[in-house]
Amino acid sequence: MANVQERIDRAFASPTWSNWFPNSHVSHLPVFSSDHLPILVEVGQHVSALPRRKKPHRFEEKWIANPECEEIIRFLWQQEGDVGSPMYCLTEKLKRCRMGLVQWSKEKYGGVKNRVKASLESIEALSHDNREGQHRSQIRALKKEINELWWQTFLVVLVIYSAWVSPFELAFRKVATGSLMPVDIIVDAFFAIDIIITFFVAYLDKSTYLLVDDHKKIALRYVRKLWFPMDIASTLPFQLIYRIFTGKMHYGEIFGFLNMLRLWRLRRVSELFTRLEKDTRFSYFCTRYCKLICVTLFAVHSAGCFYYWLATHHRTTKNTWIGMQVQDFEQRSIWLGYTFSIYWSIVTLTTVGYGDLHAVNTGEKIFNMFYMLFNIGLTAYLIGNMTNLIVHSAVQTFAMRDSINEILQYASKNRLPESLREQMLAHMQLKFKTAELKQEEVLEDLPKAIRSSIGQHLFRRTVENVSLFKGVSEDLIIQLVSEMKAEYFPPKVDIILQNEIPTDFYILVSGAVDMLTYKNGMEQFLSRLGSADMAGEIGVIFNIPQPFTVRTRRLSQVIRISHNDFKQMVQQHNEDAKTIISNFIQYLKGFKQEVLDEIPFLTELLGDLTTEHTAPNEGTDNHEQLSYHEYPNVLGTQETSRTVLSTFPIRVIVHGCRPNENAMEDDMMGKLINLPDSIEDLFKLAEKKFGKSGSTILMADGSEVEELNALRENDHLFIF
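Cut-offs and rules
Residues numbered from 1 in each chain as written. Predicted model: local features only at pLDDT ≥ 70, side-chain atom pairs only at ≥ 80, totals over all residues. Heavy atoms only, no water. Pairing = 2+ DSSP bridges. Helix = DSSP H or I, 4+ residues; strand = E, 2+ residues; numbered from the N terminus. Contact = heavy atoms within 4.5 Å. Axes fitted to C-alpha atoms, helices over the stretch in contact; angles between N-to-C directions. Core = buried A, V, L, I, M, F, W, Y, C linked by side-chain atoms within 4.5 Å. Buried < 20%, exposed > 50% of the residue type's maximum accessible area, 1.4 Å probe, protein only. Phe/Tyr/Trp six-rings, centres within 6.5 Å; stacked < 30°, edge-to-face > 60°. Lys NZ or Arg CZ within 6 Å of the ring centre and 35° of its normal. Expected span 1.5 Å × (residues − 1). Parallel < 35°, antiparallel > 145°, perpendicular 65-115°, else oblique. Left-handed = near helix turned anticlockwise from the far one by under 90°. Nonpolar A, V, L, I, M, F, W, Y, C, P; charged D, E, K, R; others polar. Salt bridge = Lys/Arg side-chain N within 4 Å of Asp/Glu carboxyl O. Arc of directions from axis to C-beta.

1. Remarks on the sheet that holds strand β12 (residues 556-562)
Step number 1: Read across the sheet, 4 strands follow the order β5-β12-β7-β10 without closing on themselves; strand pairing throughout is antiparallel. Among the strands making up the open sheet, the edge pair consists of β5 (485-489) and β10 (534-535).
Step number 2: Bridging between β5 and β12 involves 5 bridges; their strand directions are antiparallel. Looking across to β12, one finds that K485 is bridged to R560.
Step number 3: Sitting on the sheet, helix α18 (residues 448-464) touches β5, β7 (504-510) and β12, and the angle it makes with β7 is about 105°.

Given below as structure tokens:
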């Protein structure tokens, strides 16, 4: 019977009642304290809702601005204990970082309502899976967390009452020992309970970022801080204690000032506003605006109460700011005096100064001077904050307008054509419209492993669908996606220009682009590319100027990888390199004839490959695209492999000196060239570049080059 929960929490109905309400439905609600679950009986039409997909926890840009985020990631990432393959260890580290960041975000930014909702959902899920009581401790902990959240919210309401009543009771002593005294005792009792509860509330250790639930450590941490004595001093009911020990009520001013210690509780309100300002679910403007209003109201209320207190303690009440307007004001209604006080405070704060209420005696004049000096600072604080809020909401607009004006001035000064000017403006407008999609700027401060995981989640499926990478290993896909950069392009913008140097090739994630060429100054449309299609790959793979212009038709997202990164990764995977070559050949064969006509050597290359492989395929009617795995003869002969591999020119840097000589002199600077087919051609090219013949080729480490096949991309060759 120790785990009897939902089994006895049932609803019973007679057959007659069931006939009256055929669509009735019974459900169990989450429970906080009792062992029984509340029952909800719905007699209306019950529509079974589809299960909602759990919203995934995503990394938020605001976390980067908090220095604790980097510390948590570094601490969790460097924890040891992961045993297994490198990929398994990486997955465990990412999982640990994700869980740690989610927990930290809930404690740092989570609002009370959302945290309670999340805890209720967790309790409901655990309750349905708690047949054997295995989740009892977790359910109990979540219930405790919900109670603590509501308790903290309730205390904030009591803090607001304390902030109002403390100056009020100082000015109007009657209420301090009269109608408000029972209320004050009850409020103080709640804060006394909170002090006791604090000794049992776990805290997050800033050095290890682990939750500490040891009661002894919690108590020592609380007692050693300033919070404990101040909480005690602000909670003790001094008036009641004096009455208990002396048997009589004391009406002295000392208790009014001791009650002002309750203002220490205002730190809870400050913490609440700090949490709300960081919570993106709440408008920062509205939260900040409410905070400024609260600060202003508290200043007005406190100043008015103190000013009234000065009037009541002057030796001649008639010779005071309120005594000249209201005869025997101390005997009049409390709310009349409070109204006069607040009226004076607001008029003085706003610097209106009608003159109907003014300082009469020296004490009031001194207080007025300090209050007006304080008002200067408060007014500056309010105006500064409101200005920041207004400017902050429009700063992006100002930046966009300034950038557009600079572009227009540049275009006008250099007399750029209208088409280029429109492209520049469209790109700049898109830059600001998609500011939240600037993935590189958002992720640049994150560890590389996390950036890579995000890239895998966003773009891996697209890369796997690219025809060039069909059948390659998972390791190569992961490496490629990790090095790719994402960009957005507005409509009618050139991504690649014809005849430009091939530095990157692009994969289209979304949108559409046109492939164009220019003939006799006229633009000619060749084909249209969509999602998972490539652009610029011919120039990169053949290392030739880009043969086509690629222009967007609508808003398009692309990912790009550099020429050098792509070749370096492919060189490390020989089998994948063969697969990519085979896929590339099939990709070229699928080109339209008008595209092939723009690159004459492609037709010749494909013709050579077709002739070379006519024998193995002769007499067959299968016209499907060739695959390296299905037809190994495509790259089976040494000659064919050499022919295809020759389509990937290797670029090297040549120097006309010995390796140990000063290579930084003007006449000995390195030259970037495409590696020729033979050593003799390399000597001729070097003689042409440096104006002197050579007979020896050395590497940077002094080793002599005998075969060009041994060279790699960006090797330094010294010819003399």
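Here the narrative resumes, following the displayed structure.
2. Examining the nonpolar core
Step number 1: Residues L468, F469, I507 and F566 are the most contacted members of the largest nonpolar core, which totals 38 residues.
Step number 2: Residue assignment for this core shows that the elements contributing at least two residues are α18, α19 (474-483), β7, α20 (537-542), β12, α21 (563-571), α22 (574-589) and α23 (593-598).
Step number 3: Apart from the residues lying within four places of it in its own chain, the contact partners of I507 are T462, V463, V466, F469, M484, A532, D533, M534, Q557, V558 and I559.
Step number 4: Core analysis: the next-biggest nonpolar cluster, separate from the first, contains 35 residues, W151, F168, V175 and L357 among them.

3. Comments concerning the packing of aromatic side chains
Step number 1: Under the criterion given, the structure shown has 27 aromatic pairs.
Step number 2: Between F168 and F172, the aromatic rings sit 4.8 Å apart at their centres with planes inclined by 40°, giving tilted as the arrangement.
Step number 3: Ring centres of F168 and Y338 lie 5.3 Å apart, and the angle between their planes is 80°; on these two criteria the pair is classed as edge-to-face. Of this pair, F168 sits in helix α5 (residues 136-171) while Y338 sits in helix α14 (residues 334-349), and the two are 170 residues apart along the sequence.
Step number 4: For F168, a relative accessible area of 1% puts it in the buried group.
Step number 5: Following the ring pairs from residue to residue traces out a cluster consisting of W164, F168, F172, Y308, F329, W335 and Y338.
Step number 6: A cation sits over an aromatic face here: R267 above W227, 4.9 Å from the ring centre.

4. A look at α22
Step number 1: Counted at 1.5 Å a residue, the expected span for α22 with its 16 residues is 22 Å, and the 23 Å between its end C-alpha atoms agrees.
Step number 2: With 12 of 16 residues buried, α22 lies mostly within the body of the structure.
Step number 3: If you check which residues of α22 are buried, you get D576, A577, T579, I580, I581, S582, N583, F584, I585, Q586, Y587 and L588.

5. Considering the packing of helix α12 (residues 266-278) against helix α13 (residues 284-312)
Step number 1: Contact geometry for α12 and α13: axes closest at 9 Å, N-to-C directions at 160°. Relative to α13, the element α12 lies roughly antiparallel. By crossing handedness, the relation of α12 to α13 is classed as left-handed. Here α12 contributes L266, F273, L276 and E277 to the contact with α13, which in turn contributes Y284, T287, R288, C290, K291, C294 and F298.
Step number 2: Across the contact of α12 with α13, the residue classes tally to 7 nonpolar, 1 polar and 3 charged.

6. Regarding the environment of W20
Step number 1: Along the chain, W20 turns up in helix α1 (residues 15-20).
Step number 2: W20 sits in the exposed class, given a relative accessible area of 63%.
Step number 3: Sequence spacing of W20 and V43 is 23 residues, and the spatial spacing of their C-alpha atoms is 9.3 Å.

7. Brief notes about the side chain of H563
Step number 1: As for its placement among the helices and strands, H563 is situated in helix α21.
Step number 2: Residues contacting H563, with those up to four places away along its chain left out, are P502, T503, D504, V540, N543, R651 and E713.

8. Some words on the sheet that holds strand β11 (residues 549-552)
Step number 1: With antiparallel pairing, the 4 strands of this open sheet are ordered in space as β6-β11-β8-β9. Both outer strands of the open sheet, β6 (494-496) and β9 (522-529), are each paired with one neighbouring strand and no more. The average undirected angle you get between the axes of adjacent strands in this sheet is 35°.
Step number 2: Sheet topology note: the strand β8 (residues 513-519)/β9 ladder contains 7 bridges and is antiparallel. Across the sheet, the residue bridging to K519 is M522, located in β9.

9. Thoughts on the side chain of R267
Step number 1: Following the sequence through the fold, R267 ends up in helix α12.
Step number 2: Residue R267 is classed as buried on the basis of its relative accessible area, which comes to 19%.
Step number 3: Residues contacting R267, with those up to four places away along its chain left out, are W227 and D231.

10. What to know about the pattern of salt bridges
Step number 1: Scanning all chains against the criterion turns up 15 salt bridges.
Step number 2: Of the charged contacts, one joins R262 and D184 as a salt bridge, the two residues approaching to 3.7 Å between their closest N and O atoms. Taken as a pair, R262 in the loop between α11 (254-259) and α12 and D184 in helix α7 (residues 181-198) lie far apart in primary sequence, 78 residues in all.

11. A word on the environment of F542
Step number 1: When you line up the elements, F542 lands in helix α20.
Step number 2: F542 sits in the buried class, given a relative accessible area of 5%.
Step number 3: Between the C-alpha atoms of F542 and P502, which are 40 residues apart in sequence, the distance is 9.3 Å.

12. Details of unusual backbone geometry
Step number 1: With phi around 50°, D328 is a residue other than glycine that occupies positive phi space.
Step number 2: Among the secondary structure elements, D328 is positioned in the loop between α13 and α14.
Step number 3: One non-glycine residue with positive phi stands out, namely K492, at about 60°.
Step number 4: Within the secondary structure, K492 sits in the loop between β5 and β6.

13. Looking at α7
The periodicity of an α-helix, 3.6 residues per turn, causes residues three or four positions apart to be oriented the same way.
Step number 1: Taking 1.5 Å of rise per residue, 18 residues should cover 26 Å, and α7 covers 26 Å from first to last C-alpha, within 8% of that figure.
Step number 2: Residues of α7 that are buried include every one of M181, D184, V187, D188, F191, D194 and I195, and no others. Taken end-on, α7 shows its buried residues confined to a sector of 130°, consistent with a single buried face. Opposite the buried face of α7, by more than 90 degrees, sit the exposed residues I186 and I196.

14. Focus on the pairing of β7
Step number 1: Counting buried residues along β7, 6 of its 7 residues qualify, which places the element largely inside the surrounding structure.
Step number 2: Here β7 pairs with β12 via 6 bridges, running antiparallel. Considered in β12, the bridge of F505 is made with I561.
Step number 3: In the sheet, β7 pairs with β10 via 2 bridges, with the strands oriented antiparallel. Looking across to β10, one finds that Y506 is bridged to A535.

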